[in-house]
Amino acid sequence: MDKPRYPISEREVEFSAMRAQGAGGQNVNKVSSAVHLRFDVRASSLPEWLRERLLAQPDQRLNKDGVLVIKAQQHRTQELNRADALQRLQAWVDAASHIPKARRATKPTYGSKQRRLAGKTRRGEVKSLRGKVDL
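Everything numeric here is computed off the predicted structure, so don't read it as measured data.

## Side note on the overall build of the protein
Right, on to step 1. On a plain count of helices and strands, the protein comes out with three helices and three strands.
Right, on to step 2. Ordered by position in the sequence, the α and β elements of the protein form the string β-β-α-β-α-α.
Right, on to step 3. Here the C-alpha atoms of the protein give a radius of gyration of 27 Å, more than 25% beyond the 14 Å that 2.2 N^0.38 yields for 135 residues.
Right, on to step 4. Each principal axis of the C-alpha distribution contributes one length, and for the protein these read about 85 × 45 × 30 Å.
Right, on to step 5. Expressed as a percentage of its 135 residues, the buried residues of the protein come to 26%.
Right, on to step 6. In the protein, the proportion of contacts linking residues at least 24 apart, taken out of those at least 6 apart, comes to 61%.
Right, on to step 7. For the protein, the accessible surface area stands at approximately 10,600 Å², while carbon and sulfur atoms represent 51% of it.

If you want it as structure tokens, here you go:
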């Protein structure tokens, strides 16, 4: 994976551990392996334009105070769940930092117009041959 342009420091993130949901046998009710990651977008060290883009996203994990909450409970250990939550946060920031290149409208070339019209003519001929046959 590429190096992130705007890396998130672990100091800007708050973790809290809890018990994971769902099936898991004897281990699931004893070990606090799930992790809640809280990231305050407004208080982060990200550039202003990126913070605006992150806050404008329609993400249900983002609350009205500008805090993103990610729950990670995929793995058995708390360390792996912490790493997974951080990776998902970084992917969210990286996706918002990507600005798509503006599309410039271009005119089709003369040759491409001719090829398109020739194809339409050919197709029309094929369809015209599907009519009733007169004997």
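## Quick look at helix H1 (residues 48–56)
Right, on to step 1. The complete set of buried residues in H1 reads Leu50, Arg51 and Leu54. All buried residues of H1 fall inside an arc of 100° around its axis, so they share one side.
Right, on to step 2. Here the buried face of H1 lies against helix H2 (78–97).

## Overview of the confidence of the model for the protein
Right, on to step 1. The predicted model of the protein averages 89 in pLDDT, with 94% of residues at 70 or higher.
Right, on to step 2. Ranking the elements of the protein by mean pLDDT puts strand E1 (residues 13–18) last with 90 and helix H3 (residues 110–128) first with 97.

## Focus on the nonpolar core
Right, on to step 1. Core analysis: the biggest nonpolar cluster contains 21 residues, and Leu37, Phe39, Leu89 and Val93 have the highest contact counts within it.
Right, on to step 2. Of all the secondary-structure elements, those providing two or more residues to this core are E1, strand E2 (34–40), H1, strand E3 (67–72) and H2.
Right, on to step 3. Take this core: its biggest share by element is six residues, from H2.
Right, on to step 4. With residues up to four places along the chain from it excluded, the contact list for Leu37 reads Val13, Glu14, Phe15, Leu68, Val69, Ile70, Ala85, Leu86 and Leu89.

## Quick notes on the side chain of Gln90
Right, on to step 1. For Gln90, the location among the structural elements is in helix H2.
Right, on to step 2. With near-sequence residues (within four places) excluded, Gln90 lies in contact with Pro4, Tyr6, Pro7 and Ile8.

## Here we look at the environment of Arg53
Right, on to step 1. Among the secondary structure elements, Arg53 is positioned in helix H1.
Right, on to step 2. Its relative accessible area of 33% is what places Arg53 among the partly exposed residues.
Right, on to step 3. Separated by 19 residues in sequence, Arg53 and Ala72 have C-alpha atoms that sit 24 Å apart.

## As for the sheet that holds E1
Right, on to step 1. Across the sheet, three strands lie side by side as E1-E2-E3; this open sheet has antiparallel pairing. For this open sheet the edge positions go to E1 and E3, each flanked by a neighbour on one side alone. Averaged over all adjacent pairs, the angle separating strand axes in this sheet is 20°, with direction ignored.
Right, on to step 2. Looking at chain direction, E2 and E3 are connected through six bridges and run antiparallel. Opposite Asp40, over in E3, you have Val67 as the bridge partner.

## Some details on the packing of aromatic side chains
The description of an aromatic ring pair rests on the distance of the ring centres and on the angle between the ring planes.
Right, on to step 1. On inspection of all chains with the given rule, the structure shows one aromatic pair.
Right, on to step 2. Taking 5.9 Å as the distance between ring centres and 80° as the angle between the ring planes, the aromatic pair formed by Tyr6 and Trp49 counts as edge-to-face. Residue Tyr6 is found in the segment before E1, and its partner Trp49 is found in helix H1; the two are separated by 43 residues along the sequence.
Right, on to step 3. A cation sits over an aromatic face here: Arg82 above Phe15, 3.9 Å from the ring centre.

Rules of the game
Residues numbered from 1 in each chain as written. Predicted model: local features only at pLDDT ≥ 70, side-chain atom pairs only at ≥ 80, totals over all residues. Heavy atoms only, no water. Helix = DSSP H or I, 4+ residues; strand = E, 2+ residues; numbered from the N terminus. Rg over C-alpha atoms; globule rule 2.2 N^0.38 Å. Buried < 20%, exposed > 50% of the residue type's maximum accessible area, 1.4 Å probe, protein only. Contact = heavy atoms within 4.5 Å. Areas by Shrake-Rupley, 256 points an atom, 1.4 Å probe, with all protein chains shown as cover. Arc of directions from axis to C-beta. pLDDT = per-residue confidence, 0-100. Core = buried A, V, L, I, M, F, W, Y, C linked by side-chain atoms within 4.5 Å. Pairing = 2+ DSSP bridges. Axes fitted to C-alpha atoms, helices over the stretch in contact; angles between N-to-C directions. Phe/Tyr/Trp six-rings, centres within 6.5 Å; stacked < 30°, edge-to-face > 60°. Lys NZ or Arg CZ within 6 Å of the ring centre and 35° of its normal.

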